[in-house]
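Here are the chains, one letter per residue:
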Amino acid sequence: MITDPIADLLVRLGNAARRRQDVVKVPVSKVKRQILNILGKEGFILGYGEFQEDGHPYFSVQLRYVEEARPMITGMRRISKPGRRVYVGRDDVPKVRNGIGVAVISTSKGLMTDSDSRRSGLGGEVLCSVW
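None of these values were measured; they are calculated from a predicted model.

Trainee: Could you give me a rundown of a positive patch on the surface, with the residues and numbers involved?
Mentor: On the surface, Arg77, Lys81, Arg84 and Arg97 cluster together to form a positively charged patch. When you line up the elements, arginine 84 lands in the loop between β6 (76-78) and β7 (87-88).

Trainee: Give a description of the nonpolar core that names residues and reports values.
Mentor: Residues Leu13, Leu36, Leu39, Val61 and Leu63 are the most contacted members of the largest nonpolar core, which totals 25 residues. Those elements giving two or more residues to this core turn out to be α1 (5-18), β1 (23-27), α2 (30-41), β3 (56-63), β8 (102-107) and β10 (124-130). Look past the residues within four positions of leucine 36 in its chain and what remains in contact with it is Leu9, Leu13, Ile45, Tyr48, Phe59 and Val61.

Trainee: Hey, could you go over the layout of surface pockets for me, with residue numbers and the actual values?
Mentor: When its volume is computed, the largest pocket comes out at roughly 180 Å³. The wall of the largest pocket is formed by 13 residues, among which Gly14, Arg18, Thr74, Gly75 and Met76 lie closest to the centre. Where the lining of the largest pocket is concerned, the elements lending two or more residues are α1 and β6. Counting residues per element, the lining of the largest pocket draws most heavily on α1, which supplies 5 residues. The residue makeup of the lining of the largest pocket, split by class, is 6 nonpolar, 3 polar and 4 charged.

Trainee: Before we move on, can you summarise the pattern of salt bridges with the specific residues and values?
Mentor: All chains considered together, the criterion is met by 8 salt bridges. Between glutamate 53 and lysine 25 there is a salt bridge, and its shortest N-O distance comes to 2.8 Å. Taken together, the residues glutamate 53 in strand β2 (residues 45-53) and lysine 25 in strand β1 connect sequence positions 28 residues apart. With a relative accessible area of 39%, glutamate 53 lands in the partly exposed category. Among the residues examined, lysine 25 registers a relative accessible area of 40% and is labelled partly exposed. Among the salt bridges present, the one from aspartate 114 reaches arginine 118, with a minimum N-O distance of 3.4 Å. Placement of both aspartate 114 and arginine 118 in helix α3 (residues 114-120) is noted, with a separation of 4 residues, approximately one turn of the helix. Note on aspartate 114: relative accessible area 5%, which makes it buried. By relative accessible area, arginine 118 is classed as partly exposed at 32%.

What counts and what doesn't
- Residues numbered from 1 in each chain as written.
- Predicted model: local features only at pLDDT ≥ 70, side-chain atom pairs only at ≥ 80, totals over all residues.
- Heavy atoms only, no water.
- Patch = residues over 30% accessible without salt bridge, like charges linked within 9 Å, V, L, I, M, F, W, Y side chains within 5 Å.
- Areas by Shrake-Rupley, 256 points an atom, 1.4 Å probe, with all protein chains shown as cover.
- Salt bridge = Lys/Arg side-chain N within 4 Å of Asp/Glu carboxyl O.
- Lys, Arg positive; Asp, Glu negative; His and termini not counted.
- Charge placed at Lys NZ, Arg CZ, Asp CG, Glu CD.
- Helix = DSSP H or I, 4+ residues; strand = E, 2+ residues; numbered from the N terminus.
- Core = buried A, V, L, I, M, F, W, Y, C linked by side-chain atoms within 4.5 Å.
- Buried < 20%, exposed > 50% of the residue type's maximum accessible area, 1.4 Å probe, protein only.
- Contact = heavy atoms within 4.5 Å.
- 1 Å grid on protein atoms, 1.4 Å probe; cavity = no way out; pocket = protein on both sides within 12 Å on 5 of 7 lines; lining within 4 Å.
- Points joined across faces, edges and corners; volume = space filled by probe spheres on them.
- Nonpolar A, V, L, I, M, F, W, Y, C, P; charged D, E, K, R; others polar.

Below, the structure written as structure tokens:
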């Protein structure tokens, strides 16, 4: 049983990128789907598909590399954890690496990036940051 599915997603993506794997399997959940959509829009991954193996659904995430050697995802951090939730107001939405990275924020309008959250004037729970 996984107690923190978002941290599991980040660890799987980071480990696969360090090992230069093209594709990584991730168990399916709604939050993971939304995070993968954001990472795809921001250009950190090439895309993902949903498949089933032995009756268990999973995402097959295709990682993106720069110059075929360096992974596009160079770092990730889980900000709000099950033991310590981190919330920010609309004026305190963090910038990740001066705009190079992206923070994923859970708002009342759903998951969105830090720039979208600032643009919409919404705060929320800061789930993770990716750069």
